[in-house]
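Fold and contact review
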Amino acid sequence: MGTRNKLDPLSHLIDQYNYHTWSNKRLFDHLRSPPEEVIHREVESVFPTLATVLVHVYFTETIWLKVMQGKAFDTIEEYVDRQLLTSSYAEKSLEDIESDYQRLEADFRSFLKATSDPMLELSIQHPTFGEMEISIFHLVGHLINHATYHRGNITAMLRQSGYKGISTDYVVYHMNMNHQQNT
């Protein structure tokens, strides 16, 4: 069989985040295949357009990164309302949305690099759900899982629109990484 690879929590978290960013890049590359207007075309689905799914994931990750950085929800909601939640945001081009993702990725990587203990428990006061104790490790895991779910929404919406989806499965990521190492 194979050898057992034991990762410490931070290495595991970084591997998972690398998978997440690989998946996003792969998705954005794929979304350049159909005409640009497809991302803004209304589809009867969980979200009205592909762009609104992308924006939802971006907002969610922006909010939770700020929480992990110690910001309170009321200041985050003010920031999101003022900076992000405009009716025109979901009308951005694919290139602009991808640029926002890349900036957020750089912010996340800086945060993860500065994190010495990903198992550190954060005490979060959520405006709807109350107080919650959760580690950085588990919160980032949640964000990766959340984005994976919504990449599935995008695949379904693409198929509804007559276009193929693209696999962003974790095992495909590892096959891709192994292939790159062997070439």
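Here we summarise the structure given alongside this text.

Rules of the game
Residues numbered from 1 in each chain as written. Predicted model: local features only at pLDDT ≥ 70, side-chain atom pairs only at ≥ 80, totals over all residues. Heavy atoms only, no water. Helix = DSSP H or I, 4+ residues; strand = E, 2+ residues; numbered from the N terminus. Buried < 20%, exposed > 50% of the residue type's maximum accessible area, 1.4 Å probe, protein only. Polar contact = N/O pair within 3.5 Å; in protein donor to acceptor, adjacent residues only side chain to side chain. Pairing = 2+ DSSP bridges. Salt bridge = Lys/Arg side-chain N within 4 Å of Asp/Glu carboxyl O.

Next up on the list: the environment of Ser11. Along the chain, Ser11 turns up in helix H1 (residues 9-31). Ser11 sits in the partly exposed class, given a relative accessible area of 30%. Taking the C-alpha atoms as reference points, Ser11 and Phe129, separated by 118 residues in sequence, lie 30 Å from one another. Looking at Ser11, its side chain comes within polar contact range of the side chain of Asp8, at 2.6 Å.

Our next topic: the pairing of strand E1 (residues 121-126). Because side chains alternate across E1, one face comprises the buried residues Leu122, Ile124 and His126, and the other comprises Glu121, Ser123 and Gln125, none of which is buried. As judged from the six bridges shared by E1 and strand E2 (residues 130-135), these two strands associate in the antiparallel manner. Along E2, the bridge assignment pairs Leu122 with Ile134. Two successive antiparallel strands, E1 and E2, enclose a turn made up of three residues.

It is worth spelling out the pattern of salt bridges at this point. A complete count under the given rule lists six salt bridges for this structure. When the shortest N-O distance is used, the salt bridge between Glu98 and Arg32 registers 2.7 Å. Taken together, the residues Glu98 in helix H4 (residues 94-114) and Arg32 in the loop between H1 and helix H2 (50-68) connect sequence positions 66 residues apart. Among the residues examined, Glu98 registers a relative accessible area of 11% and is labelled buried. Residue Arg32 is classed as partly exposed on the basis of its relative accessible area, which comes to 45%. Close ionic contact of Asp100 with Arg103 constitutes a salt bridge, the shortest N to O distance being 2.2 Å.

Purely geometric stuff here, so don't read any function into it on its own.
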